[in-house]
Number of protein chains: 2
Amino acid sequence: MKIQNIETPALLLDIDVFNNNVNKMMEKLRNKKVKLRPHFKTHKCTEISKILIERGAKGITCSKLSEAEVLAEAGIQDILIANQIVDPVKIERLTQLSRKSKITVCVDCKENIDKLSEIAKKNGVVLFCLIEFDLGMSRCGVDTFEEVLELAKIINASDNLELEGIQAYAGHNSHVLDNEKREETAIHLENKIANLKKYLNDNNIKINQISGGSTGTSYIDANSDNYTELQAGSFVYMDREYTRLNSDYKCALTVLSSIISVHKDRIVTDTGAKSCSTEQGLPVIRELPEASIGLSEEHGTIKVKNHNYKLLDKISYIPTHCCTTINLYDKMYIVKDDEVLDIYRVDGSHKSM
Amino acid sequence: MKIQNIETPALLLDIDVFNNNVNKMMEKLRNKKVKLRPHFKTHKCTEISKILIERGAKGITCSKLSEAEVLAEAGIQDILIANQIVDPVKIERLTQLSRKSKITVCVDCKENIDKLSEIAKKNGVVLFCLIEFDLGMSRCGVDTFEEVLELAKIINASDNLELEGIQAYAGHNSHVLDNEKREETAIHLENKIANLKKYLNDNNIKINQISGGSTGTSYIDANSDNYTELQAGSFVYMDREYTRLNSDYKCALTVLSSIISVHKDRIVTDTGAKSCSTEQGLPVIRELPEASIGLSEEHGTIKVKNHNYKLLDKISYIPTHCCTTINLYDKMYIVKDDEVLDIYRVDGSHKSM
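Residues numbered from 1 in each chain as written. Chains lettered and ligands numbered in written order. Predicted model: local features only at pLDDT ≥ 70, side-chain atom pairs only at ≥ 80, totals over all residues. Heavy atoms only, no water.

Caption draft 1: Local environment of the pairing of strand β15 (residues 314-318) of chain B. Residue and element names in this part refer to chain B. The element β15 is extensively covered by neighbouring structure, given that five of its five residues are classed as buried. A two-sided burial pattern is seen for β15, the buried positions comprising K314, S316 and I318 on one face and I315 and Y317 on the other. For strand β12 (residues 284-285) and β15, the ladder comprises two bridges, and the chain directions are antiparallel. The residue bridging V284 from the neighbouring strand is I318, located in β15. (Buried < 20%, exposed > 50% of the residue type's maximum accessible area, 1.4 Å probe, protein only. Helix = DSSP H or I, 4+ residues; strand = E, 2+ residues; numbered from the N terminus. Pairing = 2+ DSSP bridges.)

If you want it as structure tokens, here you go:
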């Protein structure tokens, strides 16, 4: 099938750009201590998860239990939920998953650790834990070395739990536009993590993994002596927001739109905010990068003068935020030049529970 | 089931508030010429469509072919797609739908009218058309009376098409905060529509329906001598953005969240931007309306001091925009006080094609 014949709005993945992005990341990690554990919250598609594992990823990161369930169902063997699972009903489901795959989950308080241990023991499975250490995001995670040590001792004394290591994610530093500032902060945080590692070691706490890192700092984190896994997700697809950092990665994901109304001063497409997320700002039109645009729920309005566009012509949007745009779709067209090579199910879409 | 036992994040509809909103709208329209044709792009749930028809709505408005398909499948007999359907593949599907329900669609150019007629004729069905007249949104629609007349003549001369009337939607006026300005504009546009109606009448063009109007101007449009149907959608659920207009309608829709991490200065919930839309701004916490909040994709951070919140306590978000929030869900809990009365499928969710 030709791209021209796709019903719109539709999500397109340029396979050459995607492959190039993945190659660039794997090149950065070649012969490094740090392994890749890409984030499912971006790619939302187990076909892509499998490709990333074939190319060298050690496993997959995700945010939610429902995402982990999709990954386990697809046969992914090593899954990190980079988040807290605290509801006993969800912990019950988590222990069921751990019969299929190695499941690691983040913790930041004793009460949750006790509940994880209780339900894992009852169901005769082992859950792996990362203690979340807050590097300045002020979200989940404990703030001090002493708290990490305290939780580590609790996990080591708990039945059916294994202390795997530390979650140290600095997402707040990933979108800092000034390269120098971003690098300075990354190195400062890296030192903090090194100190935490030493502190735990001095207190006889053994940790296997330090997990964190993001697309925006991947070129720094790849050379880390401390991180063992990189949770970067956006590099596979990229978006307008991330390309402001001038990274090596290029936008592989676009929303194909059709013109449904033609005027002297504007064209109107069938793609609005329900087909291209706008919470980080408006997308850019690939063919008209300078054009002023507006997006209502189901319409996109593009201001153009002296144009030759006609009804049903195709237009491509480059999303501002790939993670929330892919979440609006159930399928993705895999394209090369003008041809559709395949259609992948976006089977991780709408899984926010 | 008690609300406390719902797995989160979850969408909750307070049935008392919903009923009150619907009653208030129907009261405004009692003994009026204007009938209600509520917009599916907001409620996204055919159970709600059926309730609205039982309470007096004449039919349902929607934005997309895929929404119309869901509505027809659910047995809704009178469906308006308040949008242009121009792709021949979609027009083919549209004509299939018109075997189940009365289908009306908007048009704003000859090329589209010709294609609708051709395919409707081929398939032996009749499609009803509204000519879209632009009231200042600068989206789809023609700008002048003369263009409306020209398209009306073309439709009247086309096989298998019926000219139903005019689509005159002034969404740009619906969110104007200043009541006086909003009313002034509504009256100005009402005069414009009256003039258009007279112009068409003088030119022997018969029109049955003038469709438009929105929640923000519903109290004005309900008294119109020109509009025959009101497309208001948001009044059923409402949201933070719309309540700024100080209308009679109250927020019936909330996102139930659980606390997954507790700190001295903040609580963190399991509800982020993938469970509560933020493209029109951040939601408000019902229990902590003054609190400063942050939303990343899967986390909500709420700044609180000297609090007693504990792990797994429930928090309710009032979305800024109901239409894009409900689009993130597959089901909705119908609640009254602390009890879950029912669960409705959000069967119109993710239908943006």
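Moving on from the model shown.
Caption draft 2: Up close: the relation of the copies chain B and chain A. After a rotation of 180 degrees and a shift along the axis of 0.0 Å, chain B superposes on chain A with an RMSD of 0.0 Å. Within this description, the copies of the chain are treated as partners about a two-fold rotation axis. For chain B, the minimum C-alpha distance to the rotation axis belongs to E279 of chain B and amounts to 2.1 Å. (Least-squares fit on C-alpha atoms with pLDDT ≥ 70 in both.)

Caption draft 3: Quick look at the side chain of E190 of chain B. Residue and element names in this part refer to chain B. Secondary-structure assignment places E190 in helix α8 (residues 179-202). The side chain of E190 sits in the buried core without any salt bridge; K33 is the nearest counter-charge, 7.5 Å away. Separated by 3.3 Å, the side chain of E190 and the backbone nitrogen of D225 make a polar contact. Here the side chain of E190 touches N226 through a polar contact of 2.7 Å, side chain to side chain. (Lys, Arg positive; Asp, Glu negative; His and termini not counted. Salt bridge = Lys/Arg side-chain N within 4 Å of Asp/Glu carboxyl O. Polar contact = N/O pair within 3.5 Å; in protein donor to acceptor, adjacent residues only side chain to side chain.)

Caption draft 4: Looking closely at the packing of aromatic side chains. In total, this model carries six aromatic pairs over all chains according to the counting rule given. Seen in terms of ring centroids, F145 of chain A and Y199 of chain A are 5.6 Å apart; in terms of plane orientation they differ by 45 degrees. Their pairing is tilted. Taken as a pair, F145 of chain A in helix α7 (residues 145-156) and Y199 of chain A in helix α8 (residues 179-202) lie far apart in primary sequence, 54 residues in all. A ring pair is formed by F235 of chain B and Y249 of chain B, whose centres lie 5.7 Å apart and whose planes are at 55 degrees; its orientation type is tilted. Here the residue F235 of chain B occupies a position in the loop between β9 (229-230) and α10 (240-243), and Y249 of chain B occupies one in the loop between α10 and β10 (253-262), the gap between them amounting to 14 residues. F235 of chain B sits in the buried class, given a relative accessible area of 0%. With relative accessibility at 2%, the residue Y249 of chain B sits in the buried group. (Phe/Tyr/Trp six-rings, centres within 6.5 Å; stacked < 30°, edge-to-face > 60°.)

Caption draft 5: How the structure looks around the environment of G213 of chain A. All names here are of chain A. For G213, the position within the fold is in the loop between β8 (209-212) and α9 (218-221). Distance from G213 to A186, taken between C-alpha atoms, is 9.3 Å for residues 27 residues apart in sequence. What G213 contacts, discounting residues up to four positions off in sequence, is A168, Y169, D221, Y227, L230, Q231 and A232. (Contact = heavy atoms within 4.5 Å.)

Caption draft 6: Representation of the sheet that holds strand β5 (residues 102-107) of chain B in the model. Residue and element names in this part refer to chain B. As summarised here, the arrangement of the eight strands in space is β2-β9-β8-β7-β6-β5-β4-β3, forming an open sheet in which the pairing is parallel. Looking along the sheet, the strands with just one partner apiece sit at the ends: β2 (35-36) and β3 (60-62). When β5 meets strand β6 (residues 127-132), the two strands line up parallel, connected through four bridges. Bridge pairing links V107 to I131 in β6. Contacts from helix α5 (residues 88-97) reach β4 (78-84), β5 and β6 within the one sheet, and its direction differs from that of β5 by about 150 degrees. (Axes fitted to C-alpha atoms, helices over the stretch in contact; angles between N-to-C directions.)

Caption draft 7: Spatial organisation of the interface of chain B and chain A. Across the boundary between the two partners, chain B contributes 53 residues, which contact 53 residues of chain A. For the chain B face of the interface with chain A, the top three residues by lost area are E7, R139 and K274 of chain B, together amounting to 16%. Where chain B touches chain A, the interface holds eight salt bridges. For the pair chain B and chain A, the number of links is 29 residue pairs in polar contact (both at pLDDT 80 or more). In terms of residue count, the dominant contributor to the side of chain B that touches chain A is α5 of chain B (four residues). Its residues placed into classes, the side of chain B that touches chain A shows 14 nonpolar, 19 polar and 20 charged. (Buried area = accessible area lost by both parts, 1.4 Å probe. Nonpolar A, V, L, I, M, F, W, Y, C, P; charged D, E, K, R; others polar.)

Caption draft 8: Quick look at the nonpolar core. One finds I131, I166, Y237 and M332 of chain B to be the most contacted residues of the largest nonpolar core, which totals 96 residues. Domain assignment of the residues forming this core places at least three in each of domain 1 (3-10 + 247-345) and domain 2 (32-234) of chain B. When residues no more than four places from it in sequence are discounted, the contact partners of I166 of chain B are L130, I131, F133, V148, L196, L200, I207, Q209, I210 and S211 of chain B. I154, L161, I210 and L295 of chain A belong to the second largest nonpolar core, which has 95 residues in total. (Core = buried A, V, L, I, M, F, W, Y, C linked by side-chain atoms within 4.5 Å. Domains from an automatic or database assignment.)

Caption draft 9: Looking closely at helix α1 (residues 15-29) of chain A. All names here are of chain A. When the terminal C-alpha atoms of α1 are compared, their 21 Å separation across 15 residues agrees well with the 21 Å that a helix rising 1.5 Å per residue should span. Listed in full, the buried residues belonging to α1 are I15, F18, N21, V22, M25, K28 and L29. The arc enclosing the buried residues of α1, seen along the axis, measures out at 155 degrees, which places them on a common side. The backbone nitrogen of D16 lies 3.0 Å from a side-chain oxygen of the residue at the head of α1, namely D14. (Expected span 1.5 Å × (residues − 1). Arc of directions from axis to C-beta.)

Caption draft 10: Region of the structure containing the pairing of strand β15 (residues 314-318) of chain A. Relative to β15 of chain A, strand β10 (residues 253-262) of chain A runs antiparallel, the two being bridged by four bridges. The residue of β15 of chain A that forms the bridge with L256 of chain A is S316 of chain A.

Caption draft 11: Quick look at a negative patch on the surface. Together, D143, E146, E147 and E150 of chain A give the surface a local cluster of negative charge. With respect to the element layout, E146 of chain A can be found in helix α7. (Patch = residues over 30% accessible without salt bridge, like charges linked within 9 Å, V, L, I, M, F, W, Y side chains within 5 Å. Areas by Shrake-Rupley, 256 points an atom, 1.4 Å probe, with all protein chains shown as cover. Charge placed at Lys NZ, Arg CZ, Asp CG, Glu CD.)

Caption draft 12: Highlighting the packing of helix α5 (residues 88-97) of chain A against helix α6 (residues 110-122) of chain A. Residue and element names in this part refer to chain A. Running from N to C, α5 and α6 cross one another at 45 degrees; their axes reach a closest spacing of 9 Å. Taken together, the axis directions place α5 and α6 in an arrangement best described as oblique. Considering how the two elements wind past one another, α5 and α6 form a crossing that is right-handed. Across the interface between the two elements, P88, I91, E92, L94 and T95 from α5 touch N112, K115, L116, I119, A120 and K122 from α6. Split by residue class, the contact of α5 with α6 holds six nonpolar, two polar and three charged. (Parallel < 35°, antiparallel > 145°, perpendicular 65-115°, else oblique. Left-handed = near helix turned anticlockwise from the far one by under 90°.)

Caption draft 13: Focus on unusual backbone geometry. Residue P9 of chain A follows T8 of chain A across a cis peptide bond; omega there is -5 degrees. Among the structural elements, P9 of chain A can be located in the segment before β1 (10-14).

Caption draft 14: Up close: empty space enclosed by the protein. Tallied over the entire structure, the rule returns eight cavities of 30 Å³ or more. Taken together, 17 residues make up the lining of the largest cavity; nearest its centre are S277, E279 and L328 of chain A together with S277 and L328 of chain B. Its residues assigned to classes, the lining of the largest cavity shows five nonpolar, eight polar and four charged. (1 Å grid on protein atoms, 1.4 Å probe; cavity = no way out; pocket = protein on both sides within 12 Å on 5 of 7 lines; lining within 4 Å. Points joined across faces, edges and corners; volume = space filled by probe spheres on them.)

Caption draft 15: Inspection of the sheet that holds strand β3 (residues 60-62) of chain A at higher detail. Residues and elements named next belong to chain A. Read across the open sheet, the eight strands follow the order β2-β9-β8-β7-β6-β5-β4-β3; overall the sheet is parallel. Two strands bound the open sheet, and with one partner strand each, they are β2 (35-36) and β3. Across the face of the sheet, helix α4 (residues 65-73) comes into contact with β3 and β4 (78-84) while running at roughly 175 degrees to β4. Strands in contact with α5 are β4, β5 (102-107) and β6 (127-132); relative to β5, the strand with the most contacts, it is inclined by about 150 degrees.

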